[in-house]
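Residues per chain are reported as follows:
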Amino acid sequence: GKIYVSYYEGLLGEIDPSDWSVRTTEVGPNPEGVAYSDGKVYVANSGGYVPGYDKTVSVVDTKSFKQVEVIEVNTNPGKVAVYGQTLYVTSFGNYADIPAKLQAVSLADKSVADLPISGVNSMVSDGNGLLYVLSGEYDENWTLTGKVSTVDAATATVSGTFAEGIA
């Protein structure tokens, strides 16, 4: 019944559509993607567009509307999605020696696993246990190649490639 938005100034906002009231709470630097599950909001803290990127996801309890936990992930996280007890996080890395990744975080023990998709750019959940992951990288001729992979969110496994080609 609420709408959650990130404010690049380091805040998470909660909008109540019944009266359009807004409340905010502090999260990490330059928050981006937001996902809700089971009374908690997960917020990717990118740290901005310049070196000095963050590598955390804030966990906000919706009742107290306070950050209750911070989960460390890859550098420069962007999108988040939750399926069951798994949090999926895309990150851009630092555009140099830390690569972009898709990670699966166990919400039970906070263990983090990298999924085998390189050049991750974005992700969306279909709401029924399937993630679509857009990825692309430049090859040796500076041609941008791209693909959309599917991930079975219940098992955290790459289940196929939806589309592949030059982006």
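So, here is what we can say about the structure in this document. For clarity, every value in this text was computed on a predicted model and none was experimentally measured.

Rules used in this analysis
The residue numbering used here restarts from 1 in each chain and proceeds along that chain's sequence as written. Only residues with pLDDT of at least 70 are given local features in this predicted model, and only at 80 or more are side-chain atom pairs given and counted; all residues enter the totals for whole chains, interfaces and linings. Processing note: side-chain calculations cover all non-hydrogen atoms of the structure and skip hydrogens and water entirely. Any two strands between which DSSP finds at least two bridges are classified as paired. In this description a helix means any DSSP run of H or I spanning at least four residues, a strand means any run of E spanning at least two, and both kinds are numbered starting from the N terminus. In this description, a line fitted to the C-alpha atoms serves as the axis of each element, helices being fitted only across the stretch in contact, and the angle between N-to-C directions of two axes falls anywhere from 0 to 180 degrees. Only Phe, Tyr and Trp rings are paired, with Trp represented by its six-membered ring, and only when their centres lie within 6.5 Å; those with planes under 30 degrees apart are stacked, over 60 edge-to-face, the remainder tilted. Exposure classes here rest on a 1.4 Å probe applied to the protein chains alone. A residue is buried below 20% of its type maximum, exposed above 50%, and partly exposed in between. Throughout, a contact is declared for two residues whenever any of their heavy atoms are within 4.5 Å.

**Description of the pairing of strand 13 (residues 130–138)**
In this sheet, strand 13 lies alongside strand 12 (residues 120–125) in antiparallel orientation, the contact comprising five bridges. Paired with valine 124 across the strands is tyrosine 132, a residue of strand 13. Remark: four residues form the turn of the hairpin made by strand 12 and strand 13, two consecutive strands paired antiparallel; glycine 127 in that turn has positive phi of roughly 80°. Hairpin connection, strand 13 to strand 14 (residues 144–152): the antiparallel pair is bridged by five residues, and tryptophan 142 has positive phi, about 60°.

**Section: the sheet that holds strand 11 (residues 112–114)**
The strand order 8-9-10-11 describes an open sheet built from four strands, whose pairing is antiparallel. Single-partner strands in this sheet number two, and they are strand 8 (77–83) and strand 11. Strand-to-strand twist in this sheet, taken as the mean axis angle between neighbours without regard to direction, amounts to 25°. Looking at chain direction, strand 8 and strand 9 (residues 86–91) are connected through five bridges and run antiparallel. Its bridge partner being in strand 9, proline 77 is matched across the sheet by serine 91.

**Brief notes about the packing of aromatic side chains**
Applying the stated criterion to the full structure yields four aromatic pairs. Ring centres of tyrosine 4 and tyrosine 36 lie 6.1 Å apart, and the angle between their planes is 0°; this geometry places the pair in the stacked category. Residue tyrosine 4 is located in strand 1 (residues 3–7), and its partner tyrosine 36 is located in strand 4 (residues 31–37); the two are separated by 32 residues in the primary sequence. Accessibility expressed as a relative area gives 17% for tyrosine 4, which makes it buried. Exposure remark for tyrosine 36: the relative accessible area of 48% places this residue in the partly exposed category. Feature note: the residues Tyr4, Tyr36 and Phe65 constitute an aromatic cluster, connected by ring pairs.

**Quick look at the sheet that holds strand 1**
Taken in spatial order, the three strands make up an open sheet running 1-2-3, and their pairing is antiparallel. Where the open sheet ends on each side, the last strands, each with one partner, are strand 1 and strand 3 (21–26). Neighbour to neighbour, the strand axes of the sheet diverge by 25° on average, direction disregarded.

**Some details on the environment of valine 68**
With respect to the secondary-structure elements, valine 68 resides in strand 7 (residues 66–72). A sequence separation of 23 residues divides valine 68 from serine 91, and the C-alpha atoms of the two residues are 22 Å apart. Apart from the residues lying within four places of it in its own chain, the contact partners of valine 68 are Lys40, Val59, Val60 and Asp61.

**Considerations on unusual backbone geometry**
Residues apart from glycine generally show negative phi values, whereas peptide bonds are mostly found in trans. Even without a glycine there, the phi angle at aspartate 38 is positive, about 50°. By the element assignment, aspartate 38 lies in the loop between strand 4 and strand 5 (40–45). Its identity as a non-glycine residue notwithstanding, lysine 110 has a phi of 65°, on the positive side. Among the secondary structure elements, lysine 110 is positioned in the loop between strand 10 (101–106) and strand 11.

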